[in-house]
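What follows is each chain in one-letter form.
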Amino acid sequence: MTSDKAAGSGLRERLTPGRIVVLVLGALALVFVFENTQDVRIRLLVPEVTMPLWLALLATFVVGWLCGRFLRGSRRR
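Residues numbered from 1 in each chain as written. Predicted model: local features only at pLDDT ≥ 70, side-chain atom pairs only at ≥ 80, totals over all residues. Heavy atoms only, no water.

### Details of the overall build of the protein
Link 1 in the chain: A count of helices and strands for the protein gives 3 helices and 2 strands.
Link 2 in the chain: Moving toward the C terminus, one meets the helices and strands of the protein in the order α-α-β-β-α.
Link 3 in the chain: Here the protein holds 77 residues, and the buried ones make up 4% of them.
Link 4 in the chain: Accessible surface for the protein amounts to roughly 7,100 Å². Of this, 68% is attributable to carbon and sulfur atoms. (Helix = DSSP H or I, 4+ residues; strand = E, 2+ residues; numbered from the N terminus. Buried < 20%, exposed > 50% of the residue type's maximum accessible area, 1.4 Å probe, protein only. Areas by Shrake-Rupley, 256 points an atom, 1.4 Å probe, with all protein chains shown as cover.)

What follows is the structure, encoded as C-alpha cells:
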C-alpha cells in the first residue's frame, strides 16, 4: 500500500502546473502541424518558394526569436 501512495505522490510532484502547460502547448503544436500540411507559395523578393504552411510559420517564428535574442543581448551592453 505504501508503494502505491509513494508512486502516486511522485507522479503528482513531477506534474507541476508549468509542465502541464508545456504538455498542453506541445499537443496543440502537434495538432497545428498536422492540420497545416498543405503547401503554400511564398515570394521572397524575387524567388518563389513552395513549402508546407507549418514550416513557413516555424521559419518565421525562428527568425523573430533570433531577432528578439539579438535585441535583448545588445540592450544588456
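### What to know about the pairing of strand E2 (residues 48-52)
Every other side chain in a regular strand lies on the same face of the sheet, so the side chains alternate between the two faces.
Link 1 in the chain: Note: strand E1 (residues 39-43) against E2, 5 bridges, orientation antiparallel. Looking at the pairing, valine 40 lines up with methionine 51 of E2.
Link 2 in the chain: Connecting the antiparallel pair E1 and E2 is a turn made up of 4 residues, with leucine 45 showing a positive phi of about 60 degrees. (Pairing = 2+ DSSP bridges.)

### Looking at the UniProt feature "transmembrane region" (unreviewed entry) in the protein
Link 1 in the chain: Per the UniProt record, the feature "transmembrane region" (unreviewed entry) sits at residues 20-37 and 49-71.
Link 2 in the chain: Annotated as residues 20-37, this span is 89% helix and 0% strand, and its ends, taken at the C-alpha atoms, are 26 Å apart.
Link 3 in the chain: Within the segment residues 49-71, helix and strand shares are 83% and 17% respectively, and the terminal C-alpha atoms sit 28 Å apart. (UniProt positions renumbered as here; feature names shortened; annotations may be inferred.)

### Side note on a nonpolar patch on the surface
Link 1 in the chain: Together, Leu11, Leu15, Ile20, Val21, Leu23, Val24, Leu25 and Leu28 give the surface a local cluster of nonpolar side chains, amounting to about 740 Å² of exposed area.
Link 2 in the chain: For leucine 23, the position within the fold is in helix H2 (residues 17-35). (Patch = residues over 30% accessible without salt bridge, like charges linked within 9 Å, V, L, I, M, F, W, Y side chains within 5 Å. Salt bridge = Lys/Arg side-chain N within 4 Å of Asp/Glu carboxyl O.)

### A word on the UniProt feature "domain: Lipopolysaccharide assembly protein A" (unreviewed entry) in the protein
Link 1 in the chain: Mapped onto this numbering, the UniProt entry annotates "domain: Lipopolysaccharide assembly protein A" (unreviewed entry) at residues 35-68.
Link 2 in the chain: Across residues 35-68 one finds 50% helix and 29% strand; the C-alpha atoms that close the span lie 28 Å apart.

### Details of the pattern of salt bridges
Link 1 in the chain: Per the stated rule, a full pass over the model turns up 2 salt bridges.
Link 2 in the chain: Close ionic contact of arginine 41 with glutamate 48 constitutes a salt bridge, the shortest N to O distance being 3.5 Å.
Link 3 in the chain: Assessed through its relative accessible area of 66%, arginine 41 is described here as exposed.
Link 4 in the chain: On the basis of relative accessible area, glutamate 48 is assigned to the partly exposed category, the value being 40%.

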